[in-house]
Amino acid sequence: MASVSNKKKIFNDPIYGFVSIPDELHFDIIEHPYFQRLRRIKQVSMTNLVYPGANHTRFAHSLGAMHLMRRAIQLLRGKGYEITDEELEAASIAILLHDSGHGPFSHTLENSIVHGISHEELSLKVMQQFNTIHENRLDMAIEIFTEKYYKGFLTKLISSQLDVDRIDYLKRDSFFTGVAEGSVNAERLLEMMEVVDNDLAIEAKGIYSVESFIVARRIMYWQVYMHKAVLSAEYMLRNILKRAKMLSQDRDLFATPALSFFLKSQNPFESDDPDFVLDKFCQLDDYDVMTAVKAWCDDGDRVLSELCRRLTDRHLFKIEMREGEFEPEYIEEIRNKIARLYGWSLEEADFMLLQGVSSNHAYHPKKPAINILYKDGTLKDISEASDQLNISVLSQPVVKHFICYPKELVQ
């Protein structure tokens, strides 16, 4: 058994430099297979098909967010706010594990083979499992994560419209994609944080940093996360997994044991053995999915093999986007064209016609506000405080409808 001193490690992060693992509890959680799994899950799903450098992981993001949490609390303590060592440890562990319930390729599994439970709920289940392992030492971390702790500003540091999670992923994702416009000044944002009425606020002199943060989030959303090619690839993968799940009800399909379990199960998290199901889920990573996709390129099902070959070779579907809905007649016309092109049934053609809606608030006016604190003690919502018209404009939702289909239809 390693001594406590041997568990105080540092790692070299490309964003922040040397970052410390502060104590034995953090070390033991990070060393656990449930957390090490995050090394094998990319932070931004299929984005590397557009930005080749975007291969960073949820593991690195979680450690980065932990670093920012500890820095934020250090700065708040320096301003006289009382935050105990126990609260620091709890908030640090809560943010460390905030993404532990993510499946392979981000939200893809939530929309294809694992239904009825969100990654936030799964993260909570992972925390509860660690709490059992470590004899209830995560009680306070769970209270903070679930918004039940009386110091609400600690929860806001984890989840709000300006939290350490968002600060890290914007800074990290912009770095690895090379989209410089998406970068944010993390240190400046943390330096400007205050606590007012048990909530977070930003000093008025930091208003321009907040404006830049909101604009950066909008840029990253549409230029990276919702890039047309990324959307096409992610929806192709969703349909691959939906087709594989359908086929798995009647026959064995090549898959790792963990992936096979979820392909065959209808509502796995409603089983009588939730710990077994959680353990199976925490064996899943990007490698399970892509190994299967490569093998399915040669599967006997023509729909599955066609989709898998296209995704593996990056022959992505063409995507059309518009603000309004697509006419049902237009969608039906494309479906018929696909069926004729491949000589398939309309049911099979449905897997080659992807439909969806993407929407985004760079700043959401109906969620708890980012409040600006003035010297006289007054607070004002950033959308009102900003002298930039675009912040109020960015409070409006952007909704885009899209359809994807094989490019051969328009050649």
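Each remark here, short or long, concerns the structure printed above.
With respect to the overall build of the protein chain
Counting secondary structure elements, the protein chain contains 19 helices and nine strands. Against the globule reference of 22 Å for 411 residues, the protein chain gives a C-alpha radius of gyration of 23 Å, in line with a compact fold. Dimensions along the principal axes, computed over C-alpha positions, put the protein chain at roughly 70 × 60 × 35 Å. Looking at the protein chain as a whole, 56% of its 411 residues are labelled buried. At a minimum sequence separation of 6, the contacts of the protein chain that also span at least 24 residues come to 70%. Charge centroids of the protein chain, computed over 48 positive and 61 negative side chains, lie 4 Å from each other.

Some points on the packing of aromatic side chains
Within the structure shown, the criterion is met by 14 aromatic pairs. Seen from their ring centres, Tyr34 and Phe130 are 6.3 Å apart, and the 75° between their planes marks the pair as edge-to-face. Here Phe130 lies in helix α5 (residues 119-133) and Tyr34 lies in helix α2 (residues 33-36), a separation of 96 residues in the sequence. Judged by relative accessible area, which is 1%, Phe130 ranks as buried.

Points about the pattern of salt bridges
Oppositely charged side chains can pair when the atoms bearing their charge come close. Enumeration over the complete set of coordinates arrives at 25 salt bridges. Measuring nitrogen to oxygen at the nearest pair gives 3.1 Å for the salt bridge that ties Arg322 to Glu327. Here the salt bridges do not stand alone but share partners, grouping Lys79, Glu194, Glu203 and Lys205 into one network.

What to know about the sheet that holds strand β7 (residues 371-373)
Reading across the sheet, the four strands line up as β3-β4-β7-β8 and stay open at both edges, with mixed pairing between neighbours. Here the strands that pair on one side only, and so sit at the sheet edges, are β3 (193-196) and β8 (379-381). For this sheet, the mean angle separating the axes of adjacent strands, direction not counted, is 45°. Where strand β4 (residues 199-203) lies against β7, two bridges are found, and the strand directions are parallel. Bridge assignment links Glu203 to a residue of β7, and that residue is Leu373.

Cut-off values and rules
- Residues numbered from 1 in each chain as written.
- Predicted model: local features only at pLDDT ≥ 70, side-chain atom pairs only at ≥ 80, totals over all residues.
- Heavy atoms only, no water.
- Helix = DSSP H or I, 4+ residues; strand = E, 2+ residues; numbered from the N terminus.
- Rg over C-alpha atoms; globule rule 2.2 N^0.38 Å.
- Buried < 20%, exposed > 50% of the residue type's maximum accessible area, 1.4 Å probe, protein only.
- Contact = heavy atoms within 4.5 Å.
- Lys, Arg positive; Asp, Glu negative; His and termini not counted.
- Charge placed at Lys NZ, Arg CZ, Asp CG, Glu CD.
- Phe/Tyr/Trp six-rings, centres within 6.5 Å; stacked < 30°, edge-to-face > 60°.
- Salt bridge = Lys/Arg side-chain N within 4 Å of Asp/Glu carboxyl O.
- Pairing = 2+ DSSP bridges.
- Axes fitted to C-alpha atoms, helices over the stretch in contact; angles between N-to-C directions.

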